[in-house]
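# A structural walkthrough
Here is what each chain is made of, one letter per residue.
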Amino acid sequence: MSVDLTVVVPAYNEERRLAPTLDAIRAYLDDGYAEGGERPRWELIVVDDGSTDGTLDIAADAEAADSRVQLIHSDRNRGKGHALRLGVLASRGDRVLITDADLATPIEELECLDKALTDGHTAAIGSRAGADATIEAHQHRLRELLGRTGNFLIRTVAVPGIRDTQCGFKLFDGDHARAAFAASRLRGWGIDVEILQYFRRSGWPVAEVPVRWAHQEGSKVRPFDYVKVLAELTSLKARTVRPVDLLVAALFLSMAVTLYSGRLIAPGDRYLPDSLQDQNQWEWFFAVTADNVRHLHNPLFTTLQNAPDGVNLMANTVMLGLSVPFAPVTWLFGPAVALNAAMTLGLAATGVAWYWLIRKRLVRHRGAAVVGAALAAFAPPMISHAHAHPNFMVLFMIPLIIDRALRLCEGTRVRRDGVVLGLFTTYQIFLGEEPLLLAAMGMLLFAAAYGFVRRDVARDAFRPLARGLGVAVAVTAPLVAFPLYWQFFGPQSYASVLHGDNAGNSPLALLSFAERSLAGSEETANALAQNPTEQNAFYGWPLVALAFAIVVRFWERAVVKALAFTAVAAALLSLGPKFRIPLTDIVLPGPWAPLAHAPLFESVIESRVAMVCAPALGMLLALALARLLAPERPMTATRYAGVAAVALALLPIVPAPLRAVEREQAPAFIADGTWRKYLGEGESLVPVPLPDPAAATALHWQTTADLGFSLPGGYFNGPWGPERIGIYGASPRNTSNLLRDVRDSGRAPKLTDAWREAAREDLAYWKAGVLVLAPQPHDAALRETVEQLLDRPGKWVDGVWIWDLHRGS
């Protein structure tokens, strides 16, 4: 016999509420709920989910009293999802209603849902959200708040656009419901979201219908169950990942591990010499962040460097978005391990993110997407920064931001996508503001070019994009307002950082090979870059030539024109405010000149703009390879030649593992804790000479000593002078300048009483407790200079010379 409606009621330990619920449902259905008072042919399925009270007996009595009632019993409790799956798959109705055993939504609300299905929807779900819903009895305020928060997270992650996924009153078209539940896998509360996801993926329309609802005491839903739903959805998502995508992630991870193989074993004992002093600095950043988290100190400021003035950490890109999550790793294994793990995993994640974006938005061929993503993540500029600039190579958020901006252009869920874009942008600000600025420049260049070529698309996308960006700004602004205020106006903030007049790329740098590329040489690369960590172009002439050929071949495609414009414009901007034509003395103004003194842009190292070329070139390669490797086309000699050309262009820039050497260990005076005997409360330890950007080994002393003492001087960005111009290191003082000059020249000058008086003032300002001179080049001259300043000899203690200022100065 055909059935018009099946009602499925899952029940677990519901002996107090089940009988009235079944009576109410049967009475309502017998009275006829449909328009015109027709009596539907119905069945009622009760699924007992392993109850341990009298629920099973009540359901069995109802089954015995009415042949239209069916009991399904599970031998043990397996969860709501399992119960619903049993009930729906046993149903025969043209429509299937799922309702909770407490009837928090009265059965009379079925009429509203039934109308939605009659209007053409395949599912109608009861909703407690919205102005038209009626809440007759509220939950406790805290419980309600937790529920709303959980529901927001669920719909953000899984089913955007549906405001209430967990209301237990849903009506489905029978055949669609049975297909969806047959394909479901979850056993718990997440079944509602899994089914709604299935309907959405299948293109079956779903209506959200406001209903009456009243909280019932004894509800089985707990606030923590929303967390369980998220966990179930995460597990479900993980199971949908294809093995080939896992292999891609493993490939990028192996590439990152190979790059850092020199530090793979005992990272604390290995140093990347091409990082100059940056490894010391970044390990210190991770250490001080972990220390601030552990002691609940202000994560935006510290006096451990540049004592007593301190360091504005927000103005120094400490990557709170990475160093805070890695704080437990820092506590357990030390900052060297934490930094190495963060950079290795972050680089691999960046490759995976570019792969995901290219496959989603550009090409479907996985091999082509892998090659494009590898170039975007492992291009020579990224490898240069991989020495010790995690903020410029851990860029996994950038592809996600690009994708969300493209979603805004589609205009389907502008408010939601704007909120997510705002949250993504906020997180990226705490990963690195300059990379975000460069990414924004690249996106703007691409949008301008694409909009010029496809003006119809630009017209359609402009309004939703503008609205979505407004939402994103509204979300981001309050979240970053205080950190940015602290960065630009807080203690030890600065106006801008000056990098000199030669911070742009030479045109030759765009065509040459980086030092760590297989075809590169140290001599050539260093002649065209500021230092090994700033080789910001170096794509090599074969890749540039190949990119030109790809652009010519696929010029008819708007995306190719836009990518080509982005790459060329970024390369030209990276030349700086002026540049010299190679092999001539002709100097021309560069396109960066109008931006050179603009706020924010004035602190950018112009050569870094060439990093924008990496993802643009990677996408061009992906487009070409997808055409060459298309499975529907037979392989020909021409196609083999194209693949060979790509390989030959990429081979010279394949990165070699980063060089690592044995690290100079902290002297026993520091490592063994002897320093504690010589420092009183609030006093600083003064290395000789003071640490600065050229020699920051003392930061490693600090991390070795678990940040037990503060240091004057240091390696950071801070203000100098009344205009608060940003400089590298502490504001110079007489004594710090003197000791630095002796270190560089190796000559100890004859000092006067004026120098000694200046030294007394500086040591008092630094609240110095002890001076420490470790063995180093020119240490004899440094020792002689300090002895002249203090008018007494030093003392050899645990591998260093010290001057204890408690015994006279």
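### Considering the packing of helix α16 (residues 397–410) against helix α18 (residues 433–453)
Here α16 crosses α18 at 40°, and the two axes come no closer than 11 Å. Classed by the angle they form, the pair α16 and α18 counts as oblique. α16 and α18 meet at a crossing whose hand is right-handed. Every residue of α18 that contacts α16 at Ile398, Ile401, Ile402 and Ala405 is listed here: Pro435, Leu436, Ala439 and Met443. Residue composition of the contact of α16 with α18, by class: 8 nonpolar, no polar and no charged.

### Considerations on the pairing of strand β8 (residues 206–210)
On β8, burial follows the alternation: Ala207 and Val209 on one face are buried, whereas Val206, Glu208 and Pro210 on the facing-out side are not. Strand direction decides the pairing type here: strand β5 (residues 123–127) and β8, joined by 5 bridges, are parallel. Residue pairing across strands places Gly126 opposite Val209, the latter belonging to β8.

### Quick notes on the pairing of β5
Most of β5 sits inside the fold, with 5 of its 5 residues counted as buried. By the alternation rule, side chains of β5 split into Ala123, Ile125 and Ser127 and Ala124 and Gly126, which are all buried. Examined bridge by bridge, β5 and strand β7 (residues 169–173) share 3 bridges and lie antiparallel to one another. Counterpart to Ala123 in the pairing with β7 is Phe172.

### Some details on the sheet that holds strand β3 (residues 69–74)
Read from one edge to the other, the open sheet built from 7 strands follows the order β3-β2-β1-β4-β7-β5-β8, with strand pairing classed as mixed. Pairing within the sheet leaves two strands with one partner each, and these edge strands are β3 and β8. Averaged over all neighbouring strand pairs, the angle between strand axes comes to 20°, with direction disregarded. Of the strand pairs in this sheet, strand β1 (residues 3–11) and strand β4 (residues 93–99) are connected by 5 bridges, and their pairing is parallel. From the neighbouring strand, Leu5 faces β4, where its bridge partner is Arg95.

### Looking at empty space enclosed by the protein
Scanning all chains against the criterion turns up 4 cavities of 30 Å³ or more. By volume, the largest cavity amounts to about 80 Å³. Contributing to the lining of the largest cavity are Leu313, Met314, Thr317, Val318, Met319, Leu320, Ile429, Phe430, Leu431, Gly432 and Glu433. Class assignment for the residues of the lining of the largest cavity results in 8 nonpolar, 2 polar and 1 charged.

### Description of the packing of aromatic side chains
A full pass over the atoms with the stated rule returns 16 aromatic pairs. Aromatic pair Phe301 and Trp486: ring centres 6.2 Å apart, planes at 70°, arrangement edge-to-face. Taken together, the positions of Phe301 in strand β11 (residues 301–302) and Trp486 in helix α19 (residues 455–489) put the pair 185 residues apart, joining distant regions of the chain. Pair check on accessibility: Phe301 and Trp486 agree, each one buried. Chaining the aromatic ring pairs together yields one cluster made of Phe172, Phe181, Tyr198, Phe199 and Trp204. The residue whose ring lies beneath Arg455 is Phe452, and the NZ or CZ to ring-centre distance is 4.8 Å. Taking the ring centre of Tyr765 as reference, the NZ or CZ of Arg733 above it sits at 4.2 Å.

### Thoughts on the side chain of Glu283
The residue Glu283 is located in helix α10 (residues 278–295) in this model. A residue is classified by how much of its surface remains accessible, and Glu283, at 2% relative accessible area, is buried. Within the local environment of Glu283, its side chain forms a polar contact with the side chain of Arg263, the two groups lying 3.4 Å apart. Each residue touching Glu283, except ones within four places of it in the same chain, is listed here: Arg263, Pro335, Ala336, Leu339, Arg663, His700 and Thr703.

### Description of the pattern of salt bridges
Summed over the entire model, instances satisfying the criterion amount to 37 salt bridges. With its nearest N and O atoms 2.9 Å apart, the salt bridge here joins Arg760 to Glu757. Of this pair, Arg760 and Glu757 both sit in helix α29 (residues 753–765), 3 residues apart, roughly one helical turn. What makes Arg760 partly exposed here is its relative accessible area of 41%. We classify Glu757 as partly exposed; its relative accessible area is 35%. One connected set of salt bridges, linked through shared partners, spans Asp23, Arg26, Asp30, Asp66 and Arg68.

Here is what the cut-offs are and how they apply
- Going along each chain's sequence as written, the residues are numbered from 1 onward.
- Per-residue local features of the predicted model are confined to residues with pLDDT of at least 70, and side-chain atom pairs are confined, for both listing and counting, to 80 or more; whole-chain, interface and lining totals are unaffected and use all residues.
- Side-chain metrics in this entry use all non-hydrogen atoms of the structure; hydrogen atoms and water are not considered.
- With axes taken as lines fitted to C-alpha atoms, and helix axes fitted only over the stretch in contact, angles between N-to-C directions fall between 0 and 180 degrees.
- Here a strand is any run of E in DSSP of at least two residues, a helix any run of H or I of at least four, and the numbering for each starts at the N terminus.
- Should an angle fall under 35 degrees it is called roughly parallel, over 145 degrees roughly antiparallel, and 65 to 115 degrees roughly perpendicular, with every other angle called oblique.
- When the near helix sits turned anticlockwise from the far one by under a right angle, the crossing is termed left-handed; a clockwise turn instead gives a right-handed crossing.
- Whether two residues touch is decided by their heavy atoms; if any such pair falls within 4.5 Å, the residues are in contact.
- Polarity classes work like this: nonpolar for Ala, Val, Leu, Ile, Met, Phe, Trp, Tyr, Cys and Pro, charged for Asp, Glu, Lys and Arg, and polar for all others, with Gly in that last group.
- Only protein chains enter the accessibility calculation, which uses a 1.4 Å probe. A residue is then buried if its area is under 20% of the maximum for its type, exposed if over 50%, and partly exposed in between.
- One requirement defines pairing of two strands: DSSP has to find at least two bridges between them.
- Of the grid points, spaced at 1 Å and generated over the protein atoms alone, those admitting a 1.4 Å probe that cannot get out make up cavities, while open sets with protein on both sides within 12 Å along at least five of seven lines make up pockets; any residue with an atom within 4 Å of a point is treated as lining.
- Grid points are joined across faces, edges and corners, and a volume is the space filled by probe spheres set on the points.
- Working definition: a ring pair exists when centres of Phe, Tyr or Trp rings (six-membered ring for Trp) sit within 6.5 Å. Plane angles under 30 degrees give stacked, over 60 give edge-to-face, the rest tilted.
- Distance and angle both matter: a charge sits over a ring if NZ of Lys or CZ of Arg is within 6 Å of the ring centre and within 35 degrees of the ring normal.
- Side-chain atoms alone can form a polar contact between residues adjacent in sequence; in general such a contact is a pair of N or O atoms within 3.5 Å, and within protein one must be able to donate a hydrogen while the other accepts it.
- We define a salt bridge as a contact between a side-chain nitrogen of Lys or Arg and a carboxyl oxygen of Asp or Glu at a distance within 4 Å.

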